[in-house]
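Coordinates in review
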Amino acid sequence: CEGTVPRRRSPRSDMGRGLTLLLLPLALLAAPAQAEGGTAAAEEVKIEVLHLPEACSPRSKKGDLLNAHYDGFLASDGSKFYCSRTQNEGHPKWFVLGVGQVIKGLDIAMMNMCPGEKRKVIIPPSLAYGQQGYAQGKIPPNATLIFEIELYAVNKGPRSVEAFHQIDKDSDKKLSELEISQYLKEEFARDGKKRHPSVHDEILADIFKKNDHDGDGFISAKEYNVYQHDEL
């Protein structure tokens, strides 16, 4: 894993990924699952900045979409249990920060981090896999973990405030079927891939089925705001 250069995606692949990430928030993303294990007040994530770019911007925050590589080690013996460069053809990992898509300790460790920054972090068991451990990942119970992280990109997350306002053409703080339909058409056109017209209708129906919780025919700011942005 060491010294492996992450492979770059083609512009076409990036465009396809961008469309997927834009549709995910509405069609596929349910309320985020919480990381396992409670947080002990006396325990915290220890962060050591290994490299800080001269121009350190933008800084990551909850709900941002991050692209990073990270290696995981057991603090007890230094053995490596995870290396992101050995997965997904060596491409960095994409995930939304602060919503439980990674362990709680990593959500904390990667806050306020900028592209190009490298960190070494120590995560206590209560903010990792706790008393149960994670046998599949070769992590024993009550394990303190060490991660070395390199951040490549900080993007607006799939349910960002900006995305909501972009879809909400009449600024009434709720998304109508017409507004989301138009948004889908624009994203399909931008992506450039040919799709059967039924795909648009199926996605639109799925969006409202999974997000219009009160059945009023609109997706309100509250229904959209699964990441709890203060601005919405």
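Residues numbered from 1 in each chain as written. Predicted model: local features only at pLDDT ≥ 70, side-chain atom pairs only at ≥ 80, totals over all residues. Heavy atoms only, no water.

**Digging into the overall build of the protein chain**
The condition is simple: Strands are runs of DSSP state E lasting at least two residues, helices are runs of H or I lasting at least four, and both sets are numbered from the N terminus onward. For every residue, the accessible area obtained with a 1.4 Å probe (protein chains only) is divided by the maximum for its type, and the residue is called buried under 20%, exposed over 50%, and partly exposed between those limits. The contact criterion used is simple: two residues touch if any of their non-hydrogen atoms lie within 4.5 Å. Each accessible area is a Shrake-Rupley result for a 1.4 Å probe, and residues are judged covered by the shown protein chains and nothing else.
When its secondary structure is counted, the protein chain shows six helices and eight strands. Of all 232 residues assigned to the protein chain, the portion counted as buried reaches 43%. A separation threshold of at least 6 residues defines the contact pool for the protein chain, and within that pool the share at least 24 residues apart is 72%. For the protein chain, the accessible surface area stands at approximately 12,700 Å², while carbon and sulfur atoms represent 51% of it.

**Quick look at a nonpolar patch on the surface**
Where we set the bar: Distance thresholds for patches are 9 Å for like charges and 5 Å for nonpolar side chains (Val, Leu, Ile, Met, Phe, Trp, Tyr), applied to residues having over 30% relative accessible area and no salt bridge. The term salt bridge refers to a side-chain nitrogen of Lys or Arg lying within 4 Å of a carboxyl oxygen of Asp or Glu.
A cluster of nonpolar side chains, namely Ile 47, Val 49 and Leu 52, defines an oily patch on the protein surface of about 240 Å² accessible area. Relative to the assigned elements, Val 49 resides in strand 1 (residues 46–51). With relative accessibility at 43%, the residue Val 49 sits in the partly exposed group.

**Some points on the side chain of His 69**
Stated formally: N or O atoms within 3.5 Å of each other form a polar contact, as long as, within protein, one can give a hydrogen and the other can take it, and as long as residues adjacent in sequence are counted only when both atoms are side-chain atoms.
Examined against the element boundaries, His 69 turns out to sit in strand 2 (residues 65–74). A distance of 2.6 Å separates the side chain of His 69 from the side chain of Ser 84, its partner in a polar contact.

**Looking at the nonpolar core**
Counted only if it meets this: In these notes, a set of buried Ala, Val, Leu, Ile, Met, Phe, Trp, Tyr and Cys residues joined through side-chain atoms within 4.5 Å is what counts as a nonpolar core.
By size, the foremost hydrophobic cluster in this structure holds 26 residues, and its most contacted members are Tyr 70, Leu 106, Met 110, Ile 123, Leu 145, Phe 147 and Ile 149. Residue assignment for this core shows that the elements contributing at least two residues are strand 2, strand 3 (80–83), helix 2 (104–109), strand 5 (118–123) and strand 6 (145–155). Here the element with the most residues in this core is strand 6; it accounts for five residues. Contacts of Ile 123, omitting those with residues within four sequence positions, involve Val 45, Ile 103, Gly 105, Leu 106, Ala 128, Ala 143, Thr 144, Leu 145 and Phe 147. Of all hydrophobic cores here, the second largest spans 15 residues; its members include Ala 163, Ile 180, Leu 184 and Ala 221.

**Thoughts on unusual backbone geometry**
Looking along the chain, the bond that leaves Ser 57 and enters Pro 58 is cis, with omega of 0 degrees. We note that Asn 142 has phi near 55 degrees; this positive angle belongs to a residue other than glycine. Of note, Asn 142 is situated in the loop between strand 5 and strand 6. Located in the positive-phi region is Ser 171, a residue other than glycine, with phi close to 55 degrees.

**A closer look at helix 5 (residues 197–211)**
This is how it is decided: To estimate how far a helix should reach, multiply one less than its number of residues by 1.5 Å. What the arc describes is the spread of directions from the helix axis to the C-beta atoms.
The terminal C-alpha atoms of helix 5 lie 22 Å apart, and with 15 residues this matches the ideal 21 Å at 1.5 Å per residue to within 8%. Every buried residue of helix 5 is listed here: His 200, Ile 203, Leu 204, Ile 207, Phe 208 and Asn 211. Projection of helix 5 onto a plane perpendicular to its axis shows the buried side chains occupying an angular sector of 130 degrees, all on one side. In helix 5, the exposed positions that point more than 90 degrees away from the buried face belong to Glu 202 and Lys 209.

**A short note on the state of the cysteines**
Put simply, the rule reads: Throughout, a disulfide means two cysteine sulfur atoms within 2.5 Å of one another.
Tallied over the entire structure, the rule returns one disulfide. Sulfur-sulfur distance for the disulfide between Cys 56 and Cys 114 comes to 1.9 Å. Across the S-S bond linking Cys 56 and Cys 114, the dihedral sits near -105 degrees, which makes this disulfide left-handed. With Cys 56 in the loop between strand 1 and strand 2 and Cys 114 in the loop between helix 2 and strand 5, this residue pair connects regions lying 58 residues apart in the sequence.

**Things to note about the environment of Cys 83**
Mapped onto the secondary structure, Cys 83 falls in strand 3. Separated by twelve residues in sequence, Cys 83 and Asp 71 place their C-alpha atoms 4.5 Å apart.

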